[in-house]
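# Inside the fold
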Amino acid sequence: MTVGKDVSALFPDVVNCMQTDNLELKKLVYLYLMNYAKSQPDMAIMAVNTFVKDCEDPNPLIRALAVRTMGCIRVDKITEYLCEPLRKCLKDEDPYVRKTAAVCVAKLHDINAQLVEDQGFLDTLKDLISDSNPMVVANAVAALSEIAESHPSSNLLDLNPQSINKLLTALNECTEWGQIFILDCLANYTPKDDREAQSICERVTPRLSHANSAVVLSAVKVLMKFMEMLSKDLDYYGTLLKKLAPPLVTLLSAEPELQYVALRNINLIVQKRPEILKHEMKVFFVKYNDPIYVKLEKLDIMIRLASQANIAQVLAELKEYATEVDVDFVRKAVRAIGRCAIKVEQSAERCVSTLLDLIQTKVNYVVQEAIVVIKDIFRKYPNKYESVIATLCENLDSLDEPEARAAMIWIVGEYAERIDNADELLESFLEGFHDESTQVQLQLLTAIVKLFLKKPTETQELVQQVLSLATQDSDNPDLRDRGYIYWRLLSTDPVAAKEVVLAEKPLISEETDLIEPTLLDELICYIGTLASVYHKPPSAFVEGGRGVVHKSLPPRTASSESTESPETAPAGAPSGEQPDVIPTQGDLLGDLLNLDLGPPVSGPPLATSSVQMGAVDLLGGGLDSLIGGPNFVAPPAATVPANLGASMGSGLSDLFDLTSGVGTLSGSYVAPKAVWLPAMKAKGLEISGTFTRQVGSISMDLQLTNKALQVMTDFAIQFNRNSFGLAPAAPLQVHAPLSPNQTVEISLPLNTVGSVMKMEPLNNLQVAVKNNIDVFYFSTLYPLHILFVEDGKMDRQMFLATWKDIPNENEAQFQIRDCPLNAEAVSSRLQSSNIFTVAKRNVEGQDMLYQSLKLTNGIWVLAELRIQPGNPSFTLSLKCRAPEVSQHVYQAYETILKN
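Calculation notes
- Residues numbered from 1 in each chain as written.
- Predicted model: local features only at pLDDT ≥ 70, side-chain atom pairs only at ≥ 80, totals over all residues.
- Heavy atoms only, no water.
- Salt bridge = Lys/Arg side-chain N within 4 Å of Asp/Glu carboxyl O.
- Buried < 20%, exposed > 50% of the residue type's maximum accessible area, 1.4 Å probe, protein only.
- Helix = DSSP H or I, 4+ residues; strand = E, 2+ residues; numbered from the N terminus.
- Pairing = 2+ DSSP bridges.
- Axes fitted to C-alpha atoms, helices over the stretch in contact; angles between N-to-C directions.
- Core = buried A, V, L, I, M, F, W, Y, C linked by side-chain atoms within 4.5 Å.
- Contact = heavy atoms within 4.5 Å.
- Parallel < 35°, antiparallel > 145°, perpendicular 65-115°, else oblique.
- Phe/Tyr/Trp six-rings, centres within 6.5 Å; stacked < 30°, edge-to-face > 60°.

## Focus on the pattern of salt bridges
Scanning the entire structure with this criterion turns up 32 salt bridges. A salt bridge links lysine 192 to glutamate 196, with the nearest nitrogen and oxygen atoms 3.8 Å apart. Judged by relative accessible area, lysine 192 falls into the exposed class, the value being 63%. Linking glutamate 297 and arginine 264 is a salt bridge whose minimum nitrogen-to-oxygen distance equals 3.3 Å. With a gap of 33 residues between them, glutamate 297 in helix α18 (residues 292–305) and arginine 264 in helix α17 (residues 256–272) connect regions that are remote in the sequence. Arginine 264 matches glutamate 297 in its accessibility class, with the two residues each being buried. Ionic contacts of the salt-bridge type, sharing partners, join the residues Arg331, Arg335, Glu369, Glu401 and Glu403 into one network.

## Description of the sheet that holds strand β8 (residues 775–781)
Pairing within the open sheet is antiparallel, and its three strands lie in the order β4-β7-β8. Sheet topology places β4 (716–719) and β8 at the edges, where each strand pairs with a single neighbour. Across the sheet, the mean angle from the axis of one strand to that of its neighbour is 25°, orientation sign disregarded. Here strand β7 (residues 764–770) pairs with β8 via seven bridges, running antiparallel. In the sheet register, asparagine 764 faces β8, and the bridge partner there is leucine 781.

## Focus: the nonpolar core
Counting residues in hydrophobic clusters, the biggest one holds 200 residues, and the most contacted among them are Phe51, Leu86, Val204 and Phe378. Not counting the four nearest positions on each side in its chain, valine 204 is found in contact with Leu168, Leu171, Leu183, Leu186, Ala219, Val222 and Leu223. Residues Phe724, Leu765, Leu830 and Leu849 belong to the second largest nonpolar core, which totals 63 residues.

## Structural notes on the packing of helix α24 (residues 402–414) against helix α26 (residues 438–454)
One can describe the packing of α24 onto α26 by two numbers: an axis separation of 8 Å at closest approach and a directional angle of 10°. By the angle between their directions, the pair α24 and α26 is classed as roughly parallel. Contacts from Pro402, Glu403, Arg405, Ala406, Ile409, Trp410, Gly413 and Glu414 in α24 reach Gln439, Val440, Gln443, Leu444, Ala447, Lys450 and Lys454 in α26.

## Considerations on the packing of aromatic side chains
All told, the structure shown has 12 aromatic pairs when counted by the stated rule. Ring plane angle 85° and centroid distance 6.2 Å describe the contact between tyrosine 381 and tyrosine 385, whose orientation is recorded as edge-to-face. Accessibility expressed as a relative area gives 5% for tyrosine 381, which makes it buried. Since its relative accessible area comes to 7%, tyrosine 385 is described here as buried.

## Quick word on the pairing of strand β9 (residues 811–816)
Of the two faces of β9, the one holding Ala812, Phe814 and Ile816 is buried and the one holding Glu811, Gln813 and Gln815 is not buried anywhere. By the bridge criterion, six bridges tie β9 to strand β13 (residues 874–880) in an arrangement that is antiparallel. Following the sheet pairing, phenylalanine 814 is matched in β13 by leucine 876.

Structure follows, in structure tokens:
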């Protein structure tokens, strides 16, 4: 059987041997059974009686052997006969049998999940987590984790502080694989506060000194995850950082394959918390006998750790690497020098001189890589190192790789005015234009157009030659399109061409290859798994029906929140809890160019009271639960938000002293019309406009002026997808043709039932307008207050409960300056724009207004406005479940109060 021969014909005879008392023989028979039961399911039933009998054998080894084999025989017909023996083994007095039975439950669940649930095995497994034997605990955790993975929605591993304590106790005594299962399970737990997180970290830290690298990485994963909840001001936080470095360094003394896995994980850790290994640069220096995959990974980490303090030794090391024999490694080393120059500004000069030394070696591939990185250095530090261009031009003839040729052409085009023979250099490339790669052809086209714009008299022939090669003689659509664009620009408006082609370029950023922060947070949760080696989430490479759960780091605690910048702060809640308010752009980049400009589909009228577009109810359990059903209990005084001031006194009754009542239906503030589309950009059509909200209806008030010499007709308008689903509620109706020099005013009704896509900035609106001449595109920013609905006044008790319920990290504070109004005037002015004052109170001479507003998609925003009589500066605190809205709400406050 083990040498590949089919011996299934002997099945009945082998099954007869099961009755033997000889343990070795019994093992062989069971091995045979596992192998052939699938192909002989009817015969396998003969073995059931023996299993049942063996599960009651006095020898625990035989009991365990029987239960292990039962789990491995994947035959539906016999699984139900195995339930009784398995139940007995799960309660066996011998821990060896119990731990084997725990794994058997997971195997049985894979064959028939319903059977396992009906028989109550999952509850028995949960009880085993409290077992006195650490190996039983570890196997029970492993089995439950396995089952939970295939059923992400089930909450099998219902972890609480008591069960966590039991797991931590078992952690010290079980085998290494048991420890890995327990640590992985701990990593899925979210502590209730930073004290619990610190306590778990303290008990997990000793695992860092384990001999097995998998245990070490699992412990690192738990610590990296829970550090997220610790304040950076804590002494313990600094101690933990110091403790994490030595085990990671030790991993690098293992064999190359393990080193590679460790390095891929370290790469993630360094991106998340570079301070852990900032003093360990020397460990990542390459050894002569390292395999290439280890060398390249070490090089990557060296660049990530490069700083002003260690740049000198890093550069010396990189220069050494650039003289190695391994071509791939040398290329990467030269690139690394360039990346160091971009990352550490103080070292740029030294890096450039190192690159020039390398160019002098005249080694072809070194020269080519050096030219590619010098191009990036020019982009980062313009007008600083151009003195080296002469040296680069000397090496023009040796360039044979597309990327190096393209980089050199870019340099010649960009600095054409400083290179006397720039036209000759570019002409030399033009001779074999059709043999060049697309990258080089595109770069050459742009460089010659730049040269023409800088030296028009000398290079007219050259530019005509390249434009004709790119358009008439080329079949590459990218090249042809770029050629035609340049041709039209140069022939119609050379000034505009100069502005476009010679525009100032943005500086390149220092870290272009960093992993995107949300993906990095997810990968940190997968340290020590295949995802951390691929640097991809499991959903990118795991196929099949198993649900892949998206993991995320726990939210930062309030005390540590201030230490993180808003860009790097992790998401406020695990991804499963709260759906996004507004879908993000993702891959669905709105493209106005493919809009069908027919008359827009008019949606239903604006229903301000309902939550539209499937937007989530951002108050959690729905407003009803807060206002109160039959079992509603009014929130106690403790629910007053902390920052409503400690001096609120005992009773809440005096806090809310305003009469209730919905806001008046007078219109909100309307900004004066601004020019959105100038006539010069729209062939004579000038569009000005503003947005208004009157009695629950939003409109776009447009003014169309014809500054062309021909009549304009057939107007239509369409909006791109936007953050709040704004769309025309009716076609754009211009009743008579628009004659030259004529102006017409139109009010276009809008609704908020269009397609939704998160824009940058949030209130950006991209519009396409069509007439008989052409289609024109423009974008404008709409004021957010046109989306404030009339039923945005929140009940007082609900205001308190909601303020308390929204996490503190979602609070934003702003200053409104130069506003001489008093509290009454502020309140009435805001009310006319649907920002309602829920309560007013005077605290230590300051007027405090507590306000609420609601957006058309159901997002509530709560505000606290502090007004000091006689002081024209107000403090505005905003709380909202979608914090990205706060900045725009603040701008609405400013606009309304100052106009």
